[in-house]
Amino acid sequence: MNGPEPRHVSVLPAEVLTLLAPAPGQVFVDATVGAGGHARLLAEQLGPTGKLIGLDQDAAMLALAKPRLEGLNVSLFHANFDRLGDVLDEMGIATVDGVLADLGVCSDQLDLADRGLSFQQDGPLDMRLDTSEGEPVSDLLQRIGERELADLIYQYGEERFSRRIARRIVEVRRTTPLETTQQLADVVRRCVPWPKGRRHAIDPATRTFQALRIAVNDELGALERLLKQLPQRVKPGGRAALISFHSLEDRLVKHAFAVRTVWEVLTRKPIQAEEPEVERNSRARSAKLRAARRRMDDSENDE
Ligand SMILES: C[S@@+](CC[C@H](N)C(=O)[O-])C[C@H]1O[C@@H](n2cnc3c(N)ncnc32)[C@H](O)[C@@H]1O
């Protein structure tokens, strides 16, 4: 394997394999290749006669994953997963045996200071996963109304102090545009008290950063558009698995799989990581894995 070893550790790897059950000769999609961990596990099972189609909206992650996937039958595409149908059409593939989406960001993306995803290092306040389109957070914060900003931080960040943070951001931007991660982190930290007596308390800026990342990348919109395409793109008997890190994402997945004429749910409750995995990989703590099998009868239009 050439190139730098990714820092990202894949969550729930054994559970993903069990639920998706990839077999030699099958065609799978990894809609979020990231550091290539799950992609490698899947492609190894699919073997030389099978194929893994990998998507990521971040070209830097595809470059990082590529050396890890060498020698395996994998085709990588720089694309948002809401374009799943277009990518498959381009390849002349109507349906696949399985789809995985492991949502959110990789640890390696947080390390790229120029993305502005992390408050732990200073960088431009951008947060776009695909820097070739969309609006950086600095622009969003310059134009958005106080009320809308507060709602966004509350909804996507589940942040109790959202009103206070939004008010302060609007005050600050009157004199100083917010252009760096440290500027924003400082503003938020002044509005939110650090939890007392907790040794490993999370930084008060965490929730606001998450909310703004979800907003500029339209993460929930993209997920909805992906979920809408799955019934047409997963073949009868095929499987889909999604790992979410936010209650709003998990709710969308749960509702999509609840269409009984289309899906047979394989996880009555979402699968969560056991304590030993969480100890090795703290990111696994909030992961929720749901999987479903596409029903054999083609009656989704009856819904
Ligand atoms: C949690 S990481 C995936 C890690 C991967 N499963 C592994 O084992 O290394 C999520 C990845 O999905 C990508 N991503 C997030 N939303 C996306 C979207 N809408 N379309 C395509 N890629 C997306 C991110 O850029 C990131 O690289």
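Here the residue numbering is sequential within each chain, running from 1 through the sequence in written order. Selection of residues for local features in this predicted model requires a pLDDT of at least 70, selection of side-chain atom pairs for listing and counting requires 80 or more, and totals for whole chains, interfaces and linings are taken over all residues.

**Brief notes about the overall build of the protein**
Stated formally: Every helix listed is a DSSP run of H or I at least four residues long, and every strand listed is a run of E at least two residues long, numbered separately from the N terminus. C-alpha atoms define the radius of gyration in this analysis, and the globule rule sets the expected value at 2.2 Å times the number of residues to the power 0.38. The exposure label follows from counting other C-beta atoms within 10 Å of a residue's C-beta, where the C-beta atoms are placed from the backbone and the thresholds are 20 or more for buried and 12 or fewer for exposed, leaving partly exposed in between. Each residue is represented by a C-beta atom placed from its backbone, and any two residues with such atoms within 7 Å are regarded as in contact.
When its secondary structure is counted, the protein shows 13 helices and seven strands. In terms of overall dimensions, the protein is globule-like: its C-alpha atoms have a radius of gyration of 20 Å, near the 19 Å expected for 303 residues. Referenced to the eigenvectors of the C-alpha coordinate spread, the extents of the protein come out at roughly 60 × 50 × 40 Å. Taking all 303 residues of the protein together, the buried fraction comes to 45%. Restricting the contact set of the protein to residue pairs at least 6 apart, pairs at least 24 apart contribute 70%.

**Here we look at unusual backbone geometry**
With a phi angle near 75 degrees, methionine 127 is a residue other than glycine that sits in the positive phi range. Along the chain, methionine 127 turns up in the loop between α5 (107-111) and α6 (137-143). Even without a glycine there, the phi angle at glutamate 158 is positive, about 50 degrees. Following the sequence through the fold, glutamate 158 ends up in the loop between α7 (146-157) and α8 (162-175).

**With respect to the site of the ligand**
Stated precisely, the cut-off is as follows: By convention here, the C-beta atom is placed from the backbone, and a residue is near a molecule or strand when that atom is within 6 Å of it. Residue classes follow a fixed rule: Ala, Val, Leu, Ile, Met, Phe, Trp, Tyr, Cys and Pro count as nonpolar, while Asp, Glu, Lys and Arg count as charged, and any other residue, Gly among them, counts as polar.
Within the structure, the ligand sits among 21 residues, and Ser10, Thr32, Gly34, Ala35 and Gly37 are positioned closest to it. The set of elements that each furnish at least two residues to the shell around the ligand consists of α2 (37-46) and β2 (51-56). Its residues placed into classes, the shell around the ligand shows eight nonpolar, 10 polar and three charged.

**Some details on the packing of α7 against helix α10 (residues 206-216)**
Relative placement of two packed helices is described by the angle separating their axes and the distance separating the axes. The test is simple: Axis definition: a line fitted to C-alpha atoms, limited for helices to the stretch in contact. Angles are taken between N-to-C directions and run from 0 to 180 degrees. Note on terminology: angles under 35 degrees are roughly parallel, angles over 145 are roughly antiparallel, angles of 65 to 115 are roughly perpendicular, and the others are oblique.
The interhelical angle for the contact between α7 and α10, taken along N-to-C directions, is 100 degrees, at an axis separation of 8 Å. Put simply, α7 runs roughly perpendicular to α10. Seen from α7, the contacting residues are Leu152, Ile153, Tyr156 and Gly157; seen from α10, they are Arg207, Thr208, Gln210, Ala211, Ile214 and Ala215. Classifying every residue of the contact of α7 with α10 by side-chain character gives six nonpolar, three polar and one charged.

**A word on the nonpolar core**
How we decide: Working definition: the nonpolar core is a set of buried Ala, Val, Leu, Ile, Met, Phe, Trp, Tyr and Cys residues, joined through C-beta atoms within 7 Å. Here the bounds of each domain stem from an automatic or database domain assignment.
One finds Ala31, Val99 and Ala241 to be the most contacted residues of the largest nonpolar core, which totals 82 residues. Broken down by element, this core gets its largest block of residues, six residues, from α10. Split by domain, this core shows at least three residues from each of two domains, domain 1 (13-108 + 219-302) and domain 2 (131-216). Other than its neighbours up to four places away in sequence, alanine 241 contacts Val16, Leu19, Leu20, Leu100, Leu289 and Ala291.

**Focus: the pairing of strand β1 (residues 27-30)**
Here is the rule we go by: Each pair of strands is called paired provided DSSP finds at least two bridges between the two strands.
Here β1 shows no split at all, with Val27 and Val29 on one side and Phe28 and Asp30 on the other all buried. Relative to β2, β1 runs parallel, the two being bridged by four bridges. Across the sheet, residue valine 29 finds its bridge partner in β2, namely isoleucine 53. Relative to strand β4 (residues 96-102), β1 is paired through three bridges, and the arrangement is parallel. Among the inter-strand pairings, aspartate 30 is bridged to a residue of β4, identified as leucine 100.

**Description of α2**
For α2, the tally of buried residues reaches seven of 10 residues, placing the bulk of the element in the interior. Residues of α2 that are buried include every one of Gly37, His38, Ala39, Arg40, Leu42, Ala43 and Leu46, and no others. Residues of α2 that are buried sit in contact with α1 (13-20), β1, β2, α3 (59-65), β3 (74-78) and β4. Within two residues after α2, glycine 47 carries a phi angle of roughly 70 degrees, on the positive side.

**Let's talk about the sheet that holds strand β5 (residues 234-244)**
One open sheet holds the seven strands; their spatial order is β3-β2-β1-β4-β5-β7-β6, and the pairing between them is mixed. Each edge of the open sheet is held by one strand with a lone partner, namely β3 and β6 (263-265). Each strand axis lies, on average, 20 degrees off the axis of its neighbour in the sheet, ignoring direction. Contacts from helix α11 (residues 219-233) reach β4 and β5 within the one sheet, and its direction differs from that of β5 by about 155 degrees. This element, helix α12 (residues 247-257), spans β5, β6 and β7 (288-294) of the sheet and lies at about 20 degrees to β7.

**Remarks on the pairing of β2**
Put simply, the rule reads: A right-handed crossover is one whose linking path, passing over the helix from the first strand to the second, runs clockwise when the strands point away from the viewer.
In terms of burial, β2 is largely enclosed, as six of its six residues are buried. Neither face of β2 is exposed, since Lys51, Ile53 and Leu55 on one face and Leu52, Gly54 and Asp56 on the opposite face are all buried. Of the crossover connections in this fold, the one passing from β1 over α2 to the parallel β2 is right-handed. Note on the crossover from β2 through α3 to β3: the handedness is right-handed.

**Brief notes about the domain arrangement of the protein**
Assigned domains of the protein: these are domain 1 (13-108 + 219-302) and domain 2 (131-216). Computed from C-alpha atoms alone, the centre-to-centre distance between domain 1 and domain 2 is 30 Å.

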